[in-house]
Amino acid sequence: MNEEENKEEIINNETTEESDNKSNESSSNKERKMVVPGETIVQGDDYLPGDFTIKNKDEIVSQRYGLAEINDRIVKIIPISGVFEPRRSNNIIGRITDINFSGWSVEIGGPVSAFLPLSECPRFINKNNIEEFATIGDAINAKIWSVKRGSIDLTLKSRGLGVLEGGRLIKITSHKVPRVIGREGSMINLIKDETQTEITVGQNGFIWLNGSAEGERKAEEAIMLIETEASSEGLTDKVEDFLKNE
Amino acid sequence: MTYTKRPDGREMHELRPIRAEVGIIPNADGSALFASGKTVAIAAVYGPKILHPASMRNPEKGIIRCEYNMLPFSVSERARPGPSRRSKEISKVTSNALSSVVDLSRFPNSVVDVQIMILQADAGTRCAGINAASMALAHAGIVMNELVTSVSIGKIDDKIVADITKEEEDWEEGEGPTDIPFTMTSRKNDIVHLQLDGNIPTSRFKESIDASVKACNKILDYQIRALKGEKINENEGKK
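Going along each chain's sequence as written, the residues are numbered from 1 onward. Working convention: letters from A go to chains and numbers from 1 go to ligands, in the order in which they are written. Local features in this predicted model are restricted to residues whose pLDDT is 70 or higher, and side-chain atom pairs enter the listing and the counts only when it is 80 or higher, whereas totals over whole chains, interfaces and linings include all residues. To obtain the side-chain values, all non-hydrogen atoms of the structure were included, while hydrogens and water were left out.

1. So, the overall build of chain A
Phase 1 of the analysis: Strands here mean DSSP runs of E at least two residues long; helices mean DSSP runs of H or I at least four residues long; both are numbered from the N terminus. Within chain A, the regular secondary structure consists of five helices and 16 strands.
Phase 2 of the analysis: Counting over 246 residues, chain A shows a buried share of 48%.
Phase 3 of the analysis: Any two residues whose heavy atoms approach within 4.5 Å at even a single point are treated as in contact. Partitioning the intrachain contacts of chain A with sequence separation of at least 6 by distance along the chain shows that 60% fall at a separation of at least 24.
Phase 4 of the analysis: Values of accessible area rely on a 1.4 Å probe in the Shrake-Rupley scheme; residue burial ignores everything except the protein chains shown. Approximately 12200 Å² of chain A is accessible, and the part contributed by carbon and sulfur atoms is 44%. Burial classes: relative accessible area under 20% of the type maximum marks a residue as buried, over 50% as exposed, and values in between as partly exposed (1.4 Å probe, protein chains only).

Okay, here's the thing in structure tokens:
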């Protein structure tokens, strides 16, 4: 039961972030426009370059493929593709790739691998036998503690984090994670209820599923549907249709 | 026989029918297809990811590693798979052209792998490959200042023509064939790759630069439309 509660907690963390994004979006009420690198987004001296844009004379130019958004005077690009960019305090799911005397190396799908030190484990671990807690191939749900040049440190010292027992991992583009969760978790809760499967979503795009074989398969298909149709309208209804009719 | 008309009936500055699409390889971080007439190229981009071997790592900037290859069945005489002198050279010029627009300082110690495959060859394969790679890089969310666009300009006999075919490349009458692949950036029109195979007087060379600017702008339009989700296929319905 405790474990179940913890899972909810993680999802809730993410959904708060998602709803923050949503509120920003609705307050500014600006439409988003698809841009490619080198494209002029706006002209005139009224604007300032934000994320992934540069100013060239009086033009704001895109440096990345994505959706351009103008918030007050700041023009920024919201990426829609690319590898996961780790940030501090991201909740992620990773797979253990190596063990040494001081901790575990974890693959999290980003450009650099992460490290979980022994000291960041919440419970006592026998130093002579740390495989007991987690071994190569295990999935863990962790939080990014720090991002330094070339290394990422993880921690398990927070509610809901730990080794994921059983189940399996699937992977989607990290930029589509907010779609999979939906507004205030509506999408993920829908999939959970319909498939009777435990689902944990990491902000790096790794998703852990645990349930009956049939439920896992259905949940995976629904998530893949969300990934391919991430930008379409009425996505929750489409997924609901899919889950009920399948 | 002098060269007055193009064998496939195109205007001198006209491009071949274009096919362009992104996201054709779901496994890759970014991918694209670019076809000009019978020349078909696909490109897949993986990364940024940690660079191995570690001795090649640069803590100040990342690198772009290109691999150009022709599939064995892309030409009528089976192409031996694997790197050859020619494909290594093309990989090198492609990675140089792409490195000039990508913001390499954003991914220190890392590498972006770009794989280019030629499915079918009818001259201008390196240009099609660069066009596909440029779209694939953008599609992979790599930070880049602008796109690159490539076209092969030819001087066949005494005419300057755009986007030449194999048949034109082998034209041996009159002044003979000259093939000049150009690669330009999309905003500043900087030339980031230029090769020349044949002979051309300086005065005509300036003419060919003008032709390449025009042709590149046309191709750029296709690249942008494809990146914005359109599936372009001007070959549809034709054989």
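2. Re the interface of chain B and chain A
Phase 1 of the analysis: Across the contact, 23 residues belong to chain B and 22 residues belong to chain A.
Phase 2 of the analysis: By buried area we mean how much accessible surface two parts lose on assembly, using a 1.4 Å probe and totalling the loss over both. Summed over both sides, the interface of chain B with chain A buries roughly 1800 Å², with 53% coming from carbon and sulfur.
Phase 3 of the analysis: Any Lys or Arg side-chain nitrogen found within 4 Å of a carboxyl oxygen on Asp or Glu counts as a salt bridge. At the boundary of chain B and chain A, one finds two salt bridges.
Phase 4 of the analysis: Residue Arg187 of chain B pairs with Glu59 of chain A through a salt bridge whose shortest N-O separation is 2.7 Å.

3. Comments concerning the environment of Tyr46 of chain B
Residues and elements named next belong to chain B.
Phase 1 of the analysis: Among the structural elements, Tyr46 can be located in strand 3 (residues 39-50).
Phase 2 of the analysis: The sequence separation of Tyr46 and Val101 amounts to 55 residues, and the corresponding C-alpha distance is 17 Å.
Phase 3 of the analysis: In contact with Tyr46, not counting residues within four places along its chain, are Asn27, Ala28, Asp29, Val111, Val112 and Asp113.

4. Describing the sheet that holds strand 1 (residues 33-35) of chain A
Residues and elements named next belong to chain A.
Phase 1 of the analysis: When DSSP finds at least two bridges between two strands, those strands are taken to pair. Read from one edge to the other, the open sheet built from four strands follows the order 1-6-7-3, with strand pairing classed as mixed. Unpaired on one side and paired on the other, strand 1 and strand 3 (48-49) mark the two borders of the sheet.
Phase 2 of the analysis: Note that strand 3 and strand 7 (residues 74-79) share two bridges and pair parallel. Looking at the pairing, Leu48 lines up with Ile74 of strand 7.

5. A few points about the packing of helix 2 (residues 125-139) of chain B against helix 4 (residues 202-227) of chain B
Residues and elements named next belong to chain B.
Phase 1 of the analysis: At a closest axis distance of 11 Å, the pairing of helix 2 and helix 4 adopts a crossing angle of 35 degrees. Here helix 2 and helix 4 pass one another in a crossing that is right-handed. Packed against helix 2, whose contacting residues are Asn131, Ser134, Met135, Ala138 and His139, the element helix 4 presents Ile219, Gln223, Ala226 and Leu227 at the interface.
Phase 2 of the analysis: Each residue belonging to the contact of helix 2 with helix 4 can be placed in one class, and the counts come to five nonpolar, four polar and no charged. Every angle, taken between N-to-C directions, lies between 0 and 180 degrees, and every axis is a line fitted to C-alpha atoms, over only the stretch in contact when it is a helix. Here a crossing is taken to be left-handed if its near helix is turned anticlockwise relative to the far helix by less than a right angle, and right-handed if that turn runs clockwise. Amino acids are sorted into nonpolar (Ala, Val, Leu, Ile, Met, Phe, Trp, Tyr, Cys and Pro), charged (Asp, Glu, Lys and Arg) and polar (every other residue, Gly among them).

6. Side note on the domain arrangement of chain A
Phase 1 of the analysis: The split of the chain into domains comes from an automatic or database domain assignment. According to the domain assignment, chain A contains domain 1 (31-79), domain 2 (86-164) and domain 3 (168-245).
Phase 2 of the analysis: Placing a centre on the C-alpha atoms of domain 1 of chain A and another on those of domain 3 of chain A gives a separation of 31 Å.

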